[in-house]
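Each chain is listed here by its residues.
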Amino acid sequence: MLIPDAARIILEVAVYRLRRLEMANIAGAAAIAFALQLPPGELALRIGFAFGLNLLVYLNNDYLDLAADLRVPGRDDIKTRFLRDHRRAGICAQLGLLAVLLAVCVWMPGLLVPLVLGGGVCWAYSARLKAMPYADVAAMIAWGVAMPLCGAPPESALGWALAGWLGLFSGVFEGIQVIRDHDADAATGVRTTAVALGVTRTLLLVRVMLGVCAVYGALVVSPWLAALPALAILVPLDRVNVTRTWNRVRAVLGVAFLGAVGWVWWSGATMGVLVRVGRGMLLW
């Protein structure tokens, strides 16, 4: 029953995370691949790899968080208890996913970059950094850069430029997420940025990060599209339903990134006021 149990665990992780809209970096990777005009076969392979990598890192997060999740009433559900009661299957699922991803990397070695960087940062985040103020947000910025690189060859300057913007967006989302989880984290002794700073000052940090997103966008991507992260600063915090604020900011930043992808696909380069990064520009 080990393999069927492992398959069930993987399926439950996929369903749970997709419902919570927590695999948006897959769309980011697909968008970058689209902007680079990669061949359809390579684009499909990269999207599939991004999906598998997300399953691995989120399953690893759930496995490492088992004890904490079982103490939170809202997370002590059938899915969590099944993973608790089938730990060997959980390990088998993680090793199986890793084996598949490594096999793909043999075919396309450049994918080792998001696997090592994205997987490594997520493991460190789940194991330790998520309970360290400021490091939690910084780790998600790094993760937000690494995971979308599934959609680009590692030598692509344009891939890194677009992923860099997504990384800054990820820092914003993490800031809002720790605000959303503030009460539960404080009650269970998890010291996040929001617990250390308080909701008001963490919200200020989020707005500063949105300003950084706007500056980066103007310098590297497009001064016109940079107006959207700047406008997102004005989105009010819904203290009753922080997820609503999270989704509104995600929508604004998502439109900004889609605009960047559409422009690059059509023109072949970004239109930042400092640099213009072209589709054919290589880092080495």
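On a predicted model such as this, the values are computed, not experimentally measured, just so you know.

Chemist: What is the right way to look at the overall build of the protein in this model?
Modeler: Along the protein, the regular secondary structure elements total 14 helices and zero strands. Ordered by position in the sequence, the α and β elements of the protein form the string α-α-α-α-α-α-α-α-α-α-α-α-α-α. Relative to a compact globule of 284 residues, whose C-alpha radius of gyration would be 19 Å, the protein shows 19 Å and is just as compact. Counting every atom, the protein has about 13100 Å² of accessible surface; 71% of that belongs to carbon and sulfur.

Chemist: Please clarify how empty space enclosed by the protein should be interpreted in this entry.
Modeler: Empty pockets left among the atoms are what a rolling probe the size of a water molecule brings to light. Counted according to the given criterion, the structure contains two cavities of 30 Å³ or more. The computed volume of the largest cavity comes to approximately 60 Å³. As for the largest cavity, its lining consists of Ile 176, Leu 203, Val 206, Arg 207, Leu 210, Ala 232, Val 235, Leu 237, Thr 245 and Val 249. Only α12 (199-221) and α14 (242-267) provide two or more residues apiece to the lining of the largest cavity. No other element matches the four residues that α12 contributes to the lining of the largest cavity. Of the residues in the lining of the largest cavity, the class split is eight nonpolar, one polar and one charged.

Chemist: Just checking my understanding: could you explain a nonpolar patch on the surface for this structure?
Modeler: Judged by side-chain polarity, Ile 91, Leu 95, Leu 98, Leu 102, Leu 112, Val 116 and Leu 117 come together as a nonpolar surface patch covering roughly 580 Å² of accessible area. Secondary-structure elements contributing two or more residues to the nonpolar patch are α6 (87-107) and α7 (112-127). Within the secondary structure, Leu 112 is located in helix α7. When its relative accessible area of 37% is taken as the criterion, Leu 112 is described as partly exposed.

Chemist: How should I be thinking about the side chain of Ser 222 in this particular structure?
Modeler: Note that Ser 222 resides in the loop between α12 and α13 (227-232). Here Ser 222 falls in the buried class, since its relative accessible area comes to 1%. Beyond its immediate stretch of four places on either side in the chain, Ser 222 contacts Gly 217, Met 271 and Gly 272.

Chemist: It is not clear to me how the pattern of salt bridges should be interpreted in this structure. Could you clarify?
Modeler: If charged atoms from side chains of opposite charge come close, those side chains can pair. On inspection of all chains with the given rule, the structure shows eight salt bridges. Taking the shortest distance from any N to any O, the salt bridge between Arg 17 and Glu 22 comes out at 2.5 Å. We classify Arg 17 as buried; its relative accessible area is 6%. Where Glu 22 meets Arg 20, a salt bridge forms, and the shortest distance between an N and an O atom there is 2.9 Å.

Chemist: Looking at this structure, I do not really get the nonpolar core. What am I missing?
Modeler: For soluble globular proteins, nonpolar side chains are generally found buried alongside one another. Ile 32, Trp 165, Phe 169, Val 172, Val 249 and Phe 257 are the most contacted members of the largest nonpolar core, which totals 45 residues. When contributions to this core are tallied by element, the ones reaching two or more residues are α2 (24-35), α8 (135-146), α9 (157-180), α12 and α14. Looking at this core element by element, the count peaks at 13 residues for α9. Among residues more than four places away in sequence, those in contact with Trp 165 are Cys 213, Tyr 216, Gly 217, Val 221, Leu 225, Pro 229, Ala 256, Phe 257 and Ala 260. By size, the runner-up hydrophobic cluster in this structure holds 35 residues, among which are Val 57, Ala 93, Val 104 and Met 147.

Rules used throughout
- Residues numbered from 1 in each chain as written.
- Predicted model: local features only at pLDDT ≥ 70, side-chain atom pairs only at ≥ 80, totals over all residues.
- Heavy atoms only, no water.
- Helix = DSSP H or I, 4+ residues; strand = E, 2+ residues; numbered from the N terminus.
- Rg over C-alpha atoms; globule rule 2.2 N^0.38 Å.
- Areas by Shrake-Rupley, 256 points an atom, 1.4 Å probe, with all protein chains shown as cover.
- 1 Å grid on protein atoms, 1.4 Å probe; cavity = no way out; pocket = protein on both sides within 12 Å on 5 of 7 lines; lining within 4 Å.
- Points joined across faces, edges and corners; volume = space filled by probe spheres on them.
- Nonpolar A, V, L, I, M, F, W, Y, C, P; charged D, E, K, R; others polar.
- Patch = residues over 30% accessible without salt bridge, like charges linked within 9 Å, V, L, I, M, F, W, Y side chains within 5 Å.
- Salt bridge = Lys/Arg side-chain N within 4 Å of Asp/Glu carboxyl O.
- Buried < 20%, exposed > 50% of the residue type's maximum accessible area, 1.4 Å probe, protein only.
- Contact = heavy atoms within 4.5 Å.
- Core = buried A, V, L, I, M, F, W, Y, C linked by side-chain atoms within 4.5 Å.

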